[in-house]
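# Structural overview for review
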Amino acid sequence: TCHILDGNFLIADTDEAPFSIAEMLKDQKMMIFFNEPFKVEFALCVIIKSGTMRIMHNLKDYSLMKDDGFVVMPGDFAQCLDISPDCRLLVVAFSDSYYAPISNGGELNTFMSFFRRHPKASLEKEYAEDLIYVIDILKRRIEDPERIDKKDIVRGYIYALCHDSLDKIYSAQNEPLQQNRGEEIFARFSEQLSKNYITEHHIKFYAGKMCISPKHLSETVKAVSGRSAKEWIQDYLLLEAKALLQSHRYSVQEISWRLNFANQSFFGTWFKKAAGMSPRQYMDRFK
């Protein structure tokens, strides 16, 4: 059941649904949401009330349980890998129009950078209850027919929740003050990859940006992450290709141009090898 404000803010709570997740999972039409990754175009926050869930976030797997929170920022890739039949969850999603006033200046970059590095947080029971309580207040404000300034009210709550969550989660993180050389190289590679993967498909480019040899970069990334630099590039590129095909906004030809492939034929051959089907077949799944 959803509480929606002007198409740009949403709260969904399984506790209010007329059916359970176990019943939902019986619907084969829903299974596509578990089989395919999506590029998220809004901020998405999930709080697990009971049960378990597995999420892929930017090619990393996370396991969630009761009182865990998870944040996906705009532009991130996410996929629900698994969800237990007894899972109960609360979802808040909103577009960038609800970031204000934090969208002014560099404050938004701080939030996005932090939550991309720390999408999962294990919340103290009392704090999780506080979050759910505030979100319940937001539901009532949205549904109140007498309020005309709902958007400003909701934006104020979002601003407060973002600051409160950032402070709470940041204090609970135990990041090492110093990374070893391999971890530092992988972190720099990940940063460059997130900025350039759409147009730059070769290890040589990233090694050049970091002033190290392609061989050293590849060996280091493999040692730290278990996945080669080439695999990271290909996987990010495949996620972007799938997101563009899902959107139905562009033709296969236009997508091949956007992703900097030499031509549509080369893109089609690459995609079929990586995804097991042609771009057109994949696009048709999302009609």
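Residues numbered from 1 in each chain as written. Predicted model: local features only at pLDDT ≥ 70, side-chain atom pairs only at ≥ 80, totals over all residues. Heavy atoms only, no water.

### Overview of the pairing of strand β9 (residues 88-94)
Note the cut-off: The cut-offs for exposure are 20% and 50% of the maximum accessible area for each residue type, with area from a 1.4 Å probe on protein chains only; residues under the lower value are buried, those over the upper are exposed, and the others partly exposed. Secondary structure elements are taken from DSSP: a helix is a run of H or I of four residues or more, a strand is a run of E of two residues or more, and numbering for both begins at the N terminus. Paired strands, as defined in this entry, are two strands with at least two bridges between them according to DSSP.
Burial analysis of β9 places 6 of its 7 residues in the buried class, the great majority of the element. Sheet analysis places strand β2 (residues 9-13) next to β9, joined by 5 bridges and oriented antiparallel. Of the residues in β9, the one forming a bridge with Phe9 is Phe94.

### So, the packing of helix α6 (residues 181-196) against helix α9 (residues 229-247)
This is how the line gets drawn: Structural elements are reduced to axes, namely lines fitted to C-alpha atoms, with helices fitted over the stretch in contact, and the angle between N-to-C directions of any two is expressed from 0 to 180 degrees. These descriptions rest on fixed angle ranges, namely under 35 degrees for roughly parallel, over 145 for roughly antiparallel, 65 to 115 for roughly perpendicular, and the rest for oblique. By definition, turning the near helix anticlockwise from the far helix through less than a right angle yields a left-handed crossing, and turning it clockwise yields a right-handed one. Contacts are assigned to residue pairs that have any heavy atoms within 4.5 Å of one another.
Closest axis-to-axis distance for the α6/α9 pair is 11 Å, and the angle between their directions is 30 degrees. The angle between α6 and α9 places the two elements in the roughly parallel class. Seen from above, α6 lies across α9 with right-handed handedness. Taking contact as the criterion, the partners of Phe186, Phe189 and Leu193 in α6 are, on α9, Ala229, Trp232, Ile233 and Tyr236.

### So, a negative patch on the surface
Filter applied, for reference: Each patch groups residues whose relative accessible area exceeds 30% and which form no salt bridge, using 9 Å between like charges and 5 Å between nonpolar side chains of Val, Leu, Ile, Met, Phe, Trp and Tyr. Accessible surface is estimated by sampling points in the Shrake-Rupley manner with a 1.4 Å probe; for residues, cover comes only from the protein chains shown. In the sections that follow, a salt bridge refers to a side-chain nitrogen of Lys or Arg positioned within 4 Å of a carboxyl oxygen of Asp or Glu. Neither His nor the chain ends is counted toward charge; the positive residues are Lys and Arg and the negative residues Asp and Glu. The atoms used to mark charge sites are NZ of Lys, CZ of Arg, CG of Asp and CD of Glu.
Taken together, the side chains of Glu126, Asp130, Asp164 and Asp167 make up a negatively charged region of the molecular surface. When you line up the elements, Glu126 lands in helix α4 (residues 125-143). Residue Glu126 is classed as exposed on the basis of its relative accessible area, which comes to 59%.

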